[in-house]
Structures are given as C-alpha cells and as structure tokens.
Amino acid sequence: MNGKKIKVEPYFYLIPSFLVFGAFLFYPFFKTIYLSLYKTNKMGQAKLFVGVENYTSLLTSKSFYNSLIVTLVFVAIVVAGSMLLGLVTAVLCNKAFPGIRFFSTAFALPMAIASSSAAMIFKIMLHPSIGIINKIFHLDINWISDPRYALICVAILTAWLNSGINFLYFSAGLSNIDDTIYERASVDGASHIQQFFRLTLPGIAPIMFYTLVVDIIQAFQSFGQVKILTQGGPGESTNLIVYSIYRDAFFNYRFGSAAAQSVILFLIIMALTLIMFRVEKKGVKY
Amino acid sequence: MAEVVLKNVYKTYGENVNVVKDFNLEVKEKEFIVFVGPSGCGKSTTLRMIAGLEEISDGELYLQDEFANFLEPKERNLAFVFQSYALYPTMSVYENIAFSLRVRKVNKDEVDKRVREVAEMLGLTAVLPNRPKDLSGGQKQRVAIGNAIIRNPKLLLMDEPLSNLDAKLRTQMRVELAKIHEKLQNTIIYVTHDQIEAMTLGTRIVVMKDGIIQQVDSPKKLYQNPINRFVASFIGSPSMNFMDGRIQINGDHMYFDVLTKSRFDEKSKFLLPNKVKRALEDRFIRGNEAILGIRPEKFSYKQKSENDQYIDVWVHARELLGSDIYAYFEFQGKQMIASVPADTEVEVDSHVRLYIDLTDACVFDKETEENYMYIDSREEKRA
Ligand SMILES: Nc1ncnc2c1ncn2[C@@H]1O[C@H](COP(=O)(O)OP(=O)(O)O)[C@@H](O)[C@H]1O
Ligand SMILES: [Mg+2]
C-alpha cells in the first residue's frame, strides 16, 4: 500500500447498485431526453430528429396548459389534504388512550393500500345509484362523471392514500418533542392552543418540511387512481400530466411528445424542490 | 398567611403503591423550604402535586389559603424549574425567558424591559439571541431560572435544579440562588438529594424517606437533634458513625458496651455522659440493645477533657480536605471516619488512640431506630 496504486476493489462493490440504477434510472432518463427530440414510430423508436419541435408544439397546445393547471390544482389539494390529515391524526394519537393501537394502525393503513385497489373501492362508494356516499348524505350526484367533482374526488382519495405515511412521519416528529416542555408551558400559563402553535408546530417544522417536499413530488406522480377512476375525464378535467403522458405514449403513440412532457414535468418538480430548499435555509431553523 | 398547606396528602399509583404517604406541611411566606431524601423517595412527586402536574390521590392542598386540589397548573400562579431545564428548543433565549409573559399578552415594551432586567441579573445579556442548544449547562440553568422569576411569582418550585452542573458551578449557583431568594423575597420549595445543598440553602428542611416525612426542622436543629438514625446518617458529611452495643448500668454509672467481634479486642466500653444518662434513664430499652451514633468531628487525636472516652484503632487511609483531614479506620468490623483539624499528624497504616467526646452523641433504638436523645421542640414550647 504505497498510496499511488489506484485501488480497484471498492469499485467492485459499487457495481451492483450502478447496474440497477443504470438500468432503471439513468438509462430511461437519458433515453427520455433523447426521445423528446425525435418523432417516433408506433414501437416508440426514434425516427426523425425534430429538435425542440415537440416542446414548442406542447407550449402552444391548449390541452397541455389544461393538464398543467389541473395538475397544480390537484397537487395543491392533495398536499394540503394529506398533510392536514396526517398532522391531525398524529396529534390525536400522541396521547396515550385506550384503543390507541387500533387507531394508530387505522391511520397508518393507507400506506399499505395499493392506489388501484383503493380507487376500485372509491369507485363503488361514489357510484351514483348504489354508492354509500350518496346514500348517507341523501344526494344524487354523479361524482366521477361530473367535471365539477371528478378532480376533487380523485384528489381526496389521493390525499387519504398519502396521509398514512405522513401520519407516521408526524408521529415520529411529535414523539421527539420533550414532554417536559409541555409541563413547563402549562405552568407558564400557556393554553393548549398556544402550546400547539408555539411548541408543537415549530417542533415538527423540520419534519413537516421534509414531508412537504416528498408529498409534492409524490402528488405530481399520481397515476393509478386516475387511470381507474376517471381515465382523465370527464372531458379533460382530470387529465394530470402523468396521465396525459401515458395517454400520448400508449394510445396516441406520440412517444416524442410524451417524452417532452416528462422532461417538462421533471423540470417543474426539480425547480419546486430547489425553491423549497432555498426557502427552508432561510426559514425553518432548529 | 400560609403560602402552601398540605394536609394528609397521598400519591398512589395503581392499586396501592403509595409513593407519598400522609404528607403534612405548612409553608409560610418567604420561606426557603428544601425537600431532601434519597432518590425515589417521592420528592419530585410531591412538588409536582403542588404544581398541579400530578393528580393528588388523597388529601388536601391549599395555596394562599385557597383549596387548590383541582386548579389547573396555570391557575396556581407559581413557577417551576425543571431538573432537565425544559427549555423550548425552537426559541431563542430571549423568547424562552419571555414566554410566560408572551402567553399572557403583556405588551412588548414591558416584556422587553423585564427580559433585559432578568438577563442582566443572571448574566445572560450576551446570549439572548442564541438557541438553547448553543448554551453551556450553567447558562441553560440560568435561562430556566430566568423564565421562572420573570413573572415574579410568589411561589417558586425547583426540582433538583443544580444536579446537572459540575461541582464548581453548583457551588456558585447555590450562592446565586440564595441571593435571588434574598432579593425577590418569594417563597421557594426546592427539591434535592444533596444534603449539602439542603443545609446551605434551606431555612427549613423536610427530610423524606420512602414517601414519608421523617423530620421538618432548621438545618442546625436537624444536625444537632435528628429524630432517628436515617436523618442522623443522611444529614451531615461525612456521615455519622454507628456502633451496635448494649446499655449497661453499673451503680451510678451508665455504659455503652460495644458489640465485639473478637473477644480480645480493643477497649470497647464507654462511660456515657450525664446528659445521655438522663435521657435514657426512664426509657424502656428492649434487651438494653441500642446503637450509638458519633459524628466524625467528635473524634480527636488529643484528649480534650477528662470525660473523653478513647479507642485504639488502625488508620488505613486519609483524605485531606482543606481545613480538615478525614481519617478512615475500622472499628469492630465497621468502617468509620474521623474528621480532625488539618494540622493533625495523621499517618496512614498506623495505630492511633482516638478520643471521643460523647456529650452530643446520639443513642438509637435497635428496632425502631428512633433517637432517644431527640427533643421535640414543639413539646418543649408547650411545656
Ligand atoms: N407513573 C408512575 N407509576 C408508578 N410509580 C411511579 C410513577 N412515577 C413515579 N413512580 C415512583 O414514585 C417514586 C417516587 O418518585 P419521585 O417522586 O420521582 O422520587 P424522587 O424525586 O424523590 O427521586 C419512585 O419510586 C418511582 O418509581
Ligand atoms: Mg426527582
């Protein structure tokens, strides 16, 4: 070992993970960028180099802008809903009470449910004539065929699905807060509401930030529930970008355009993440 | 007016695990009360019941003559300093100190003025913008105290506030606490397992064991007049020395015959002074068995009076502590300590004749361990 020899051994250990990453991450990533510059045939093979034409036609397409807006609304509802649901359930389960195990399991359960099976169950619950929702509230609404409600329904389902993992994160965050500071606060004269806003929220702010980032990324990528519940409809009212990509590629065989949308989606998510980390550096401190 | 009154207070966990038993105490205004006892004896539990952080299982609590069992902590108008400091990690030192005023919506200028006053008093001005995690142990301690005294509460409760500090800082903070009490003139109830802290800070000390009050008295009285063997050994450092033996009466004289391990041992029979004799004379002592208690400073290398008793012992270790030397020796199979002035020639591994002044010695019952010499000052007053 004279230090000059380049050691090869460590690189051997890296090979398996690089193989996996390469096959499932790097290769598709660069292939997507490559495809987004071409027109393709039905098999998805690049045939004609068109430069940025796929992008320019997207940016002038009304349908694409609709997808963008629908996606943003969807992400906003999902993130707000799942964070709120996760936080409320975690705060409720932070105190010991009889039956806490049952409730904790129930609140964390959405994590373990596949989005497509949850969507199937929702579809039945939201059925206009036999669905339980209409029965309970004595309504007659065609939830998923009405453009006014379809997006909200999918978003709420997704929020619930994502709330399970948030419940887990927030519970971990809450249990990290030293109980004696609440005792001190109650002697100091703080009400429960003051304690929540002055101690609890700042205490889990770092984990909330992390959850926010993950939730946003996850919400952008929702697919299964749209596919099963609404197929992007009615009209294009639930045509999220990810679903639009799927449709362009596998129904319209426009792989080039689909790839270009993927790249744009990637850029949006990356930009949002970078902005959030920039803001976090200034704001959330511990 | 009594600041705090506890009447027959119990704390019970589960079916019948009594952590605090029949606790009776009346705390007057401006007193510095110290609860002292070995860890696990229920000091914190009692303090937390006074603060309202723990439910009172049985008995009554009065704060400023008002029945307080069911008051919320914030309605009790007191402050609490926690052992772990319990600083709010997300807030600056400034906000930590200001917190109790903030939640009461005191106006900003007033808050600022008071925070700066308190910070000045505790030497925290420079660290006001810092977070608790950037502070040293001593500074955290001061922040906790600052938060507690900023409202100038009439009653201040402290649960082992100095136990996380190193020895030097502890001594320093002890002096400062005494000063703060002097300055603010509020009532303090202070919990510690350290009898030195108790002796130096308290105007009255409550000695506890297994959830039961043993004795409530001033530091001096506790030292001179312990009610039983536990108090005698707990109060005072180094601890009191104990010898098992028998009381013997021979004509006009009363002797304490130390239980010997081997028959040909050192001299082991002491003539008891008149004071002790009088206290024991009309007591029934089962089998005449008793325990003799001698404070380490009652041993001496020189004979001071002709009434002094003596023992010949083998000194096997010594410790020099500034003005005193502790000489460690074994007597009748028991480790004992003599505390003698530092100018004494104490040689290790040598035979020594130690003189004993028995005038203030204690004699304890073998079974109940109560002190026959104890004088109940309440009875004294009544008589
Ligand atoms: N929740 C509880 N359940 C059962 N026993 C408890 C509980 N909390 C405290 N104890 C017991 O109460 C006793 C007194 O505790 P504590 O007041 O903290 O003692 P100290 O402060 O004197 O060290 C301890 O023996 C402890 O084990
Ligand atoms: Mg304690």
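Being a predicted model, the structure only gives us computed values, none of them experimental.

Visitor: Now, about the overall build of chain B: what can you tell me, with residues and values included?
Guide: A tally of helices and strands in chain B yields 10 helices and 20 strands. With the C-alpha coordinates of chain B rotated into their principal frame, the extents come out at 80 × 45 × 40 Å. Residues counted as buried form 51% of the 383 residues belonging to chain B. Excluding contacts between residues fewer than 6 apart, the proportion of contacts in chain B whose partners are at least 24 apart in sequence is 66%. With the model as given, the accessible surface of chain B reaches about 18700 Å², and the carbon-plus-sulfur share is 46%.

Visitor: Tell me what's going on with the pattern of salt bridges, and back it up with residues and numbers.
Guide: Residues and elements named next belong to chain A. As enumerated under the stated definition, the model contains 21 salt bridges over all chains in all. Its salt-bridge partner being Arg-148, residue Asp-146 comes within 3.1 Å of it at the nearest N-O pair. We classify Asp-146 as buried; its relative accessible area is 15%. The shortest N-O distance in the salt bridge between Asp-188 and Arg-184 comes to 3.3 Å. Here Arg-184 and Asp-188 lie together in helix α8 (residues 180–188), a separation of four residues that amounts to about one turn. In this structure Arg-184 comes out as buried when scored by relative accessible area, which is 1%.

Visitor: Mind laying out the environment of Leu25(B), listing which residues take part and the relevant values?
Guide: Residues and elements named next belong to chain B. Tracing the sequence through the fold places Leu-25 in strand β2 (residues 17–28). A sequence separation of 211 residues divides Leu-25 from Gly-236, and the C-alpha atoms of the two residues are 23 Å apart. Those residues in contact with Leu-25, other than ones at most four positions away along the chain, are Val-4, Val-5, Leu-6, Ile-33, Phe-35, Val-206 and Val-216.

Visitor: Outline the site of ligand 1, supporting the account with residue identities and numerical values.
Guide: All names here are of chain B. In the vicinity of ligand 1, the contacting residues are Tyr-13, Val-19, Ser-39, Gly-40, Cys-41, Gly-42, Lys-43, Ser-44 and Thr-45. Residue Gly-40 places a main-chain N or O atom 2.6 Å away from an oxygen atom belonging to ligand 1. Take Lys-43: an N or O atom from its main chain is 2.9 Å from an oxygen atom of ligand 1. Across the complex, the protein chains shield 55% of the 570 Å² of accessible surface that ligand 1 would expose by itself. Looking at which element gives the most residues to the shell around ligand 1, the answer is helix α1 (residues 43–51), with three residues. The class makeup of the residues in the shell around ligand 1 is three nonpolar, five polar and one charged.

Visitor: I'd love a proper account of the pairing of strand β12 (residues 253–258) of chain B, names of residues and values included.
Guide: All names here are of chain B. Going residue by residue along β12, you find Met-254, Phe-256 and Val-258 tucked away on one face and His-253, Tyr-255 and Asp-257 left uncovered on the opposite face. In the sheet, strand β11 (residues 241–250) pairs with β12 via six bridges, with the strands oriented antiparallel. Following the sheet pairing, Gly-245 is matched in β12 by Val-258. What sits between β11 and β12 in their antiparallel hairpin is a turn of two residues, with Gly-251 showing a positive phi close to 65°. With three bridges connecting them, β12 and strand β13 (residues 269–271) associate as antiparallel partners. Residue Tyr-255 lies in a different strand from β13, and its bridge partner there is Leu-271.

Visitor: Please set out the packing of helix α1 (residues 9–35) of chain A against helix α12 (residues 255–282) of chain A residue by residue, giving values where relevant.
Guide: Residue and element names in this part refer to chain A. At a minimum axis separation of 7 Å, α1 and α12 run at an interaxial angle of 120°. On the basis of the axis angle, α1 is oblique to α12. Like other packed secondary-structure pairs, α1 and α12 cross with a definite hand, here left-handed. For the pair α1 and α12, contact is made by Phe-29, Thr-32, Ile-33 and Leu-35 and by Gly-256, Ala-259, Ser-262, Val-263 and Phe-266, respectively.

Visitor: Lay out the domain arrangement of chain B in plain terms, naming residues and giving numbers.
Guide: Residue and element names in this part refer to chain B. Here chain B is described as being made up of domain 1 (2–234) and domain 2 (241–382). Each of domain 1 and domain 2 has a C-alpha centre, and the two are 37 Å apart. Note on domain 1 versus domain 2: buried area summed over both sides is about 1100 Å², and carbon and sulfur give 50% of it. Looking at the side of domain 1 facing domain 2, the largest losses of area belong to Tyr-223, Asn-225 and Arg-229, adding up to 51% of the total buried there. Viewed at the interface, domain 2 and domain 1 are joined by one salt bridge. Two residues, Arg-229 and Glu-369, come together in a salt bridge whose shortest N-O distance is 3.9 Å. Our count for the domain 1 to domain 2 interface comes out at seven residue pairs in polar contact (both at pLDDT 80 or more). A class-by-class count of the residues in the side of domain 1 that touches domain 2 yields five nonpolar, four polar and two charged.

Visitor: Run through the side chain of Thr45(B), naming residues and quoting values.
Guide: Within the secondary structure, Thr45(B) is located in helix α1. Among residues more than four places away in sequence, those in contact with Thr45(B) are Lys11(B), Val19(B), Val20(B) and Glu54(B).

Visitor: Any chance you could break down the interface of chain B and chain A for me, citing the residues and the numbers?
Guide: It is common to give the size of an interface as the accessible area lost on bringing the parts into contact. Listed as interface residues are 27 residues of chain B and, on the opposing side, 18 residues of chain A. At the boundary of chain B with chain A, total buried surface from both sides reaches about 2000 Å², with 57% on carbon and sulfur atoms. For the interface between chain B and chain A, the tally reads one salt bridge. A salt bridge links Glu183(A) to Arg48(B); the shortest N-O distance between them is 2.6 Å. Tallied by class, the residues present in the side of chain B that touches chain A amount to 14 nonpolar, five polar and eight charged.

Visitor: Explain unusual backbone geometry to me, using residue names and the numbers behind them.
Guide: Residues and elements named next belong to chain B. The amide bond that connects Ser-237 to the next residue, Pro-238, takes the cis arrangement and shows omega of -5°. Position of Pro-238 among the secondary structure elements: in the loop between α8 (229–234) and β11. With phi around 60°, Lys-105 is a residue other than glycine that occupies positive phi space. Within the secondary structure layout, Lys-105 lies in the loop between α2 (93–102) and α3 (108–122). Looking at Lys-105, the relative accessible area reads 66%, which means it is exposed.

Procedures and definitions
Residues numbered from 1 in each chain as written. Chains lettered and ligands numbered in written order. Predicted model: local features only at pLDDT ≥ 70, side-chain atom pairs only at ≥ 80, totals over all residues. Heavy atoms only, no water. Helix = DSSP H or I, 4+ residues; strand = E, 2+ residues; numbered from the N terminus. Buried < 20%, exposed > 50% of the residue type's maximum accessible area, 1.4 Å probe, protein only. Contact = heavy atoms within 4.5 Å. Areas by Shrake-Rupley, 256 points an atom, 1.4 Å probe, with all protein chains shown as cover. Salt bridge = Lys/Arg side-chain N within 4 Å of Asp/Glu carboxyl O. Near = heavy atom within 4 Å. Polar contact = N/O pair within 3.5 Å; in protein donor to acceptor, adjacent residues only side chain to side chain. Nonpolar A, V, L, I, M, F, W, Y, C, P; charged D, E, K, R; others polar. Pairing = 2+ DSSP bridges. Axes fitted to C-alpha atoms, helices over the stretch in contact; angles between N-to-C directions. Parallel < 35°, antiparallel > 145°, perpendicular 65-115°, else oblique. Left-handed = near helix turned anticlockwise from the far one by under 90°. Domains from an automatic or database assignment. Buried area = accessible area lost by both parts, 1.4 Å probe.

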